[in-house]
Amino acid sequence: MQQALDLAEKGRGWTSPNPMVGAVVVKDGRVVGRGYHQRAGGPHAEVNAINDAGERARGATIYVTLEPCNHIGRTPPCTRKILDAGIRRVVVAMTDPNPGVKGGGNGYLRSQGIDVTTGICEKESRTLNENFITWVTTGRPFVIAKCAATLDGRIATRTGDSRWVTGPASRQFVHRIRHAVDGIMVGVETVKKDDPSLTTRLDGQTGSDPTRIILDTHLSIPPKAKMLNQASDAPTWVVCGPDAPADRRALLEAAGARVVDASMKSGRIDLQALMDRLGAMGITSLLIEGGGTVIGSAFTACIVDKICFFYAPKILGGDDGVPICRGEGPESMQQSIPVHNLSVIRFDTDVMIQGYLKPR
């Protein structure tokens, strides 16, 4: 099953809105077939593994990281492939979290005389597909909040200088996160100040660009912004309020952006409602990169599922730099947001603190 999980990981960034799935066919104690879901719309992991095994699949066991599908979607059901191949035993890491199909594949295989075992490396499989699980069960994207800060919690100096807080290894890992998510969100002030491209740039590898999502209540983003004038297969969406000027909308649409209308709450874009909207638009996972006002608003709106906070061994030493979060915070420490399942990863001299806002 660990081999199957490793195979599934190869699909990261390419399978959305489908989950990442890996499969291994074993016969007489030997691996005879391997496969993984490589791209949405392509063959599923079980199909690739069974095809790899060929005739050796007859009488074998298949280990798969997610319950085999039993419905016809963009591809035929994997349960049929398993039965036709003569597989006698199926070992599954986790059942399909989709409420409409959960348990259907396992149940059908059992009804056909197949020995089905579930729950092997389930925790690892659920972590692998945390984006998909959140989206398919709640309808909203799995949200990651990321920042790069000094040890005293500043993401920029008082002049707004933030190049570069962290080092190359940390920044390369952020590009791996960008590759893995469907969307990346920043506020318009970040666009005006930094003019970022918000693309994926992986050393020596091809990456997938996320959909760029800009929070811009009044559509003040410059039409000459880099993200509106670059070669990228991913679209740019500009989220605005109901009072955004029509002429600005036309200008941005002419520049290639999609303008998305959003409801307001307390004078700002309602992030809770926006997450529902983005989920319905096919965004299964979202990386929030800033700035401080957007990150602070995301925590206040309770939309964050996971944090990736990078800290560099630097101290600004003043109280006038840009903090990680801007806006009004709680009155007491008891009202702070607890972070669970912490892990600490080092990137050269930087450290990343990763954790979840709900126990797992």
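The rules behind these values
Residues numbered from 1 in each chain as written. Predicted model: local features only at pLDDT ≥ 70, side-chain atom pairs only at ≥ 80, totals over all residues. Heavy atoms only, no water. Helix = DSSP H or I, 4+ residues; strand = E, 2+ residues; numbered from the N terminus. Buried < 20%, exposed > 50% of the residue type's maximum accessible area, 1.4 Å probe, protein only. Contact = heavy atoms within 4.5 Å. Areas by Shrake-Rupley, 256 points an atom, 1.4 Å probe, with all protein chains shown as cover. Lys, Arg positive; Asp, Glu negative; His and termini not counted. Charge placed at Lys NZ, Arg CZ, Asp CG, Glu CD. Pairing = 2+ DSSP bridges. Axes fitted to C-alpha atoms, helices over the stretch in contact; angles between N-to-C directions. Parallel < 35°, antiparallel > 145°, perpendicular 65-115°, else oblique. Left-handed = near helix turned anticlockwise from the far one by under 90°. Nonpolar A, V, L, I, M, F, W, Y, C, P; charged D, E, K, R; others polar.

**Q** When you look at the overall build of the chain in this model, what are you seeing that I'm missing?
**A** Scanning the chain for helices and strands turns up eleven helices and 18 strands. Taken along the three principal axes of its C-alpha coordinates, the chain extends 70 × 45 × 40 Å. Classification of the 360 residues of the chain by burial places 51% in the buried group. Nonlocal contacts in the chain, meaning residues at least 24 apart in sequence, comprise 70% of its contacts between residues at least 6 apart. Accessible area of the chain: about 17,200 Å², with a carbon and sulfur share of 49%. Placing the 43 positive and 37 negative side-chain charges of the chain at their respective mean positions leaves the two points 4 Å apart.

**Q** Got a minute to help me understand the sheet that holds strand S14 (residues 285–290) in this structure?
**A** Overall, mixed pairing links the nine strands, which are arranged S11-S10-S9-S8-S14-S6-S15-S18-S17 in an open sheet. The open sheet is flanked by strand S11 (258–261) and strand S17 (340–347), the only strands paired with a single partner. Across the sheet, the mean angle separating the axes of adjacent strands is 20 degrees when strand polarity is ignored. Pairing of S17 with strand S18 (residues 350–356), which is carried by six bridges, proceeds in the antiparallel orientation. By the bridge assignment for S18, Ile 345 is matched with Met 352. Set on the sheet, helix H11 (residues 292–300) makes contact with strand S6 (142–150), strand S8 (183–187), strand S9 (211–215), S14 and strand S15 (306–312); between it and S14 the angle comes to about 130 degrees.

**Q** So what exactly am I meant to see when it comes to H11 here?
**A** One full turn of an α-helix is made of 3.6 residues, so residues set three or four places apart face in the same direction. Taken across its nine residues, H11 has seven buried, putting it largely inside the fold. When we look at burial in H11, the residues that qualify are Gly 292, Val 294, Ile 295, Gly 296, Ser 297, Ala 298 and Phe 299. Positive backbone phi, approximately 60 degrees, marks Cys 302, located one or two places after H11.

**Q** Looking at this structure, I do not really get the side chain of Thr 134. What am I missing?
**A** Topologically, Thr 134 is positioned in helix H6 (residues 130–138). Setting aside residues no more than four positions away along its own chain, Thr 134 makes contact with Gly 139, Arg 140, Pro 141, Phe 142 and Asp 305.

**Q** How should I be thinking about the packing of helix H2 (residues 45–53) against helix H3 (residues 78–85) in this particular structure?
**A** How two helices pack is summed up by the angle between their axes together with the distance between the axes. Here H2 crosses H3 at 20 degrees, and the two axes come no closer than 9 Å. When the axis of H2 is compared with that of H3, the two are roughly parallel. Like other packed secondary-structure pairs, H2 and H3 cross with a definite hand, here left-handed. Side by side, H2 and H3 meet where Glu 46, Val 47, Ile 50 and Asn 51 of the first sit next to Cys 78, Lys 81, Ile 82 and Ala 85 of the second. Within the contact of H2 with H3, the residues separate by chemical class into five nonpolar, one polar and two charged.

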